[in-house]
Amino acid sequence: MEHGNTYRHDRLAFLDTNRPLPALAEVALVVAVTVTKWRMFRSTRCALRDLPDHLYKDIGITKTQAQIEAEKPFWRG
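This section reports on the structure supplied with the text. (Residues numbered from 1 in each chain as written. Predicted model: local features only at pLDDT ≥ 70, side-chain atom pairs only at ≥ 80, totals over all residues. Heavy atoms only, no water.)

## Brief notes about the side chain of R45
By the element assignment, R45 lies in helix α2 (residues 23–49). Only 3.0 Å separates the side chain of R45 from the side chain of E69, close enough to count as a polar contact. When residues no more than four places from it in sequence are discounted, the contact partners of R45 are E69, A70, K72, P73, F74, R76 and G77. (Helix = DSSP H or I, 4+ residues; strand = E, 2+ residues; numbered from the N terminus. Polar contact = N/O pair within 3.5 Å; in protein donor to acceptor, adjacent residues only side chain to side chain. Contact = heavy atoms within 4.5 Å.)

This is the structure:
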């Protein structure tokens, strides 16, 4: 697993912030970031929905608030 993270970091380190990306690469990057955010939203909302009842008080929300958040579509941040 460590090798995959190193490889990914090396690929991202290749990007030079002083040079603009080609248009297609920029679009691909925006799409990748957007999809990653959507997956994160969905994952955290599912985890929030599945919390045991006693933990809602620990994180400062009610179960109803958690349900409302968990029911949001993945594309809504």
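## Quick word on a nonpolar patch on the surface
A cluster of nonpolar residues, V27, V31, V35, W38, F74 and W75, forms a patch on the protein surface that exposes about 560 Å² of accessible area. Inspection of the secondary structure puts V31 in helix α2. (Patch = residues over 30% accessible without salt bridge, like charges linked within 9 Å, V, L, I, M, F, W, Y side chains within 5 Å. Areas by Shrake-Rupley, 256 points an atom, 1.4 Å probe, with all protein chains shown as cover. Salt bridge = Lys/Arg side-chain N within 4 Å of Asp/Glu carboxyl O.)

## Side note on the packing of α2 against helix α4 (residues 63–70)
Relative orientation of the contacting elements α2 and α4 amounts to 150°, with a least axis distance of 9 Å. With respect to α4, the axis of α2 lies roughly antiparallel. Relative to α4, α2 is oriented so that their crossing is left-handed. Of the residues in α4, those in contact with R45, L48 and R49 of α2 are A66, E69 and A70. For the contact of α2 with α4, the per-class residue count stands at three nonpolar, no polar and three charged. (Axes fitted to C-alpha atoms, helices over the stretch in contact; angles between N-to-C directions. Parallel < 35°, antiparallel > 145°, perpendicular 65-115°, else oblique. Left-handed = near helix turned anticlockwise from the far one by under 90°. Nonpolar A, V, L, I, M, F, W, Y, C, P; charged D, E, K, R; others polar.)

## A closer look at the packing of aromatic side chains
Taken as a whole and assessed by the stated rule, the structure comprises two aromatic pairs. Note on W38 and F74: the rings are 5.2 Å apart at their centroids and 70° apart in plane angle, and the pair reads as edge-to-face. With a gap of 36 residues between them, W38 in helix α2 and F74 in the segment after α4 connect regions that are remote in the sequence. Looking at W38, the relative accessible area reads 33%, which means it is partly exposed. For F74, a relative accessible area of 35% corresponds to the partly exposed category. (Phe/Tyr/Trp six-rings, centres within 6.5 Å; stacked < 30°, edge-to-face > 60°. Buried < 20%, exposed > 50% of the residue type's maximum accessible area, 1.4 Å probe, protein only.)

## Here's the deal with the pattern of salt bridges
What the rule picks out here adds up to four salt bridges. A salt bridge links E69 to R45; the shortest N-O distance between them is 3.0 Å. Remark: R45 occurs in helix α2 and E69 occurs in helix α4; sequence separation between them is 24 residues. Under the relative-accessibility criterion, E69 is labelled partly exposed at 26%. Notably, a salt bridge pairs K72 with E69, separated by 3.1 Å at the nearest N-O pair. For K72, a relative accessible area of 27% corresponds to the partly exposed category. Via salt bridges that share partners, R45, E69 and K72 belong to a single interconnected network.

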